[in-house]
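Here's the letter readout for the chains.
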Amino acid sequence: MAKAFFRLQKFLRRTQFLLFFLTAAYLMAGSLLLLQRTRLVMQQGSRGPPANQALPVPGQPSRAAMAEPRSVRSPRPAPGLRAGTDALHEPAPGLRHGPRWLTDRNAELRQLRRRWFHRFISDQEPVQTAGFKAMRHTSEHKGTYIGCFADDSRERTLKGAVFYDLRKMTVAHCQEACAERAYTYAGLAYGAECYCGNTLPAAARPEECNSECKGEKGSVCGGVNRLSVYRVEELRAGARRRRNVIYRGCFRAPENLTDTFPASLIQPNLTVEMCSEFCSKKEFPLAVIRGQECYCGYPTGRFSLRDSADGLRCGGPGNASSAAEGQHCLVYQTPVQDTRCTDRKFLTTKAKVFVALSSFPGAGNTWARHLIEHATGYYTGSYYFDGALYNKGFKGEKDHWRSRRTICVKTHESGKTEIEMFDSAILLIRNPYKSLMAEFNRKYAGHLGYATDRTWKSKEWPDFVNSYASWWASHVLEWLKYGKRLLIVHYEELKQSLIPKLKEMVEFLNVTVTEDRLLCVENNRDGNFKRSGAKQKNFEPFTQEMKDLINRYILTVDEALRGRNFTGLPREYVPR
């Protein structure tokens, strides 16, 4: 008996040792695998595809995104997993018309945010001092390097236009952007920010400009509160100045022009080119001509550019000499950007009211964010993360959406749980016909592109309409049902009456802004994410069956809005 017990005890000891060994081996193997995968993520982030490229899906080839200096075009995302300004996941074929795909989309988007975050980890590594020795001011740049200058966010060194590209900024891109707007100098800071201007202060020490350009290894793009300044090429600047001057109209001249406009010039045989160049050098966005007099300034309450007169009273555009000397004047938009509303920051204290900027994809959410940020001076956040928007200056994209450091948070969600997390919301609604087309273009051609005729005529378009048209309606209905405090804004009305509607939105956000700042927003109304023109198709994309389906949803939403004592949908929505 004792011998049998001893054998059992010996066996158990060996088993315990074996289990301990297997557990330790398992943990070590897991740790090594985790380290290896982390290393691969870091390597892919540092040498892999740009941030605005769609994430690859197993079994499908990835396609690189193409980007121009001031535009981002995202590739067609893989089904069920997409990153973009209006991120939405197409349902699986068998779940398109059920509620389950709407629920699954939330989990997928959260996973997408985490994967985007890991991809951007490598971008946060600071430039090493040793690497600075290898950086240079290459001779291939078209401009002339002037030097390193001090810069302060409260008082900018170059006070003209501002551009961001936190992924692909190069010296050449910055110079090109400033030259197109008739500026003399282009300055780069933080490796990714571009500033333009016509005057310079005292220079700083050259070694203080030590940030490598994000899109050009080995080149210097300023530093922390430091600008690498270049004089832009003059050879083609003259042609650009004329090309970028925009005729705004004929307006009644204010009673005292010298009090209204801070700069003026009297020149015999004055031309539009002369006045525009003079005002551009003075860094003013408006050039005003009355006879032989040229005035420069901004849109203000005294001269708002809202009520234009008959162009014949001024002799028509380009005819500066025939402008009525006493009553009317010609107004031109110079290439210079109105910078009175371009400064933005995060909230200094956490917001007490958590506000959503909610819309269906393709309803103009990014444009509304541009308007809100420039009107209030505060960044907007996002429930998602879009690298293309972040790279172009929407810095709230990278801030956690529940940080309460942003003035409002973009969302396309329409579930009860997601809606009730917000204290109030601006609900942006757009004509479903326009929204569906805009989102389809974004899905297959990026923020600024257009889907090809072949794509429109494929089976993708009918499937898209069948899946998304119902979401357009359910998005509004769910927010009306579960939203705590709503401001309804129709995209078309915002576009037509920008200042009054933007005032309503700003007041809803409990922010006080000046009239001049709102006029500045109106002067910069388009932003960087507007498709250039409307690409006309030689066919009608909506079949009669599609129209019948969409029209039913329009009538349903219109009735629901009126039932909640809101104004119904604009007339142009209702049946085509």
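Source: prediction; values computed, not measured.

(A) Focus on the pairing of strand β9 (residues 226–231). Of all six residues that make up β9, five are buried, and the element is covered over most of its length. As judged from the six bridges shared by strand β3 (residues 144–150) and β9, these two strands associate in the antiparallel manner. Considered in β9, the bridge of F149 is made with L227. As paired elements, strand β5 (residues 185–189) and β9 share four bridges and run antiparallel to each other.

(B) Inspection of the state of the cysteines at higher detail. Enumeration over the complete set of coordinates arrives at seven disulfides. Bridging C275 to C294, the disulfide has an S-S length of 2.0 Å. Disulfide C275 to C294: torsion about the S-S bond roughly 80°, handedness right-handed. With a gap of 19 residues between them, C275 in helix α7 (residues 272–281) and C294 in strand β13 (residues 293–297) connect regions that are remote in the sequence. Under the relative-accessibility criterion, C294 is labelled buried at 0%.

(C) View of the packing of aromatic side chains. This model, assessed by the stated rule, comprises 26 aromatic pairs. Between F346 and Y379, the ring centres sit 4.9 Å apart and the planes meet at 45°, which makes this aromatic pair tilted. Here F346, found in the loop between β14 (328–333) and β15 (355–359), pairs with Y379, found in the loop between α8 (365–376) and β16 (381–382); they are 33 residues apart in sequence, far enough to count as distant. Given a relative accessible area of 5%, Y379 falls into the buried group. Residues W461 and F464 carry aromatic rings whose centres are separated by 6.0 Å and whose planes lie at 20° to one another, so their mutual orientation is stacked. Placement of the pair is W461 and F464 together in helix α13 (residues 460–482), with a separation of three residues, close to one helical turn. We classify F464 as buried; its relative accessible area is 1%. Every member of this aromatic cluster is reached through a ring pair, and the members are F360, Y433, F440, Y444, W456, W461, F464, Y468, W471 and F542.

Calculation notes
Residues numbered from 1 in each chain as written. Predicted model: local features only at pLDDT ≥ 70, side-chain atom pairs only at ≥ 80, totals over all residues. Heavy atoms only, no water. Buried < 20%, exposed > 50% of the residue type's maximum accessible area, 1.4 Å probe, protein only. Helix = DSSP H or I, 4+ residues; strand = E, 2+ residues; numbered from the N terminus. Pairing = 2+ DSSP bridges. Disulfide = S-S within 2.5 Å. Phe/Tyr/Trp six-rings, centres within 6.5 Å; stacked < 30°, edge-to-face > 60°.

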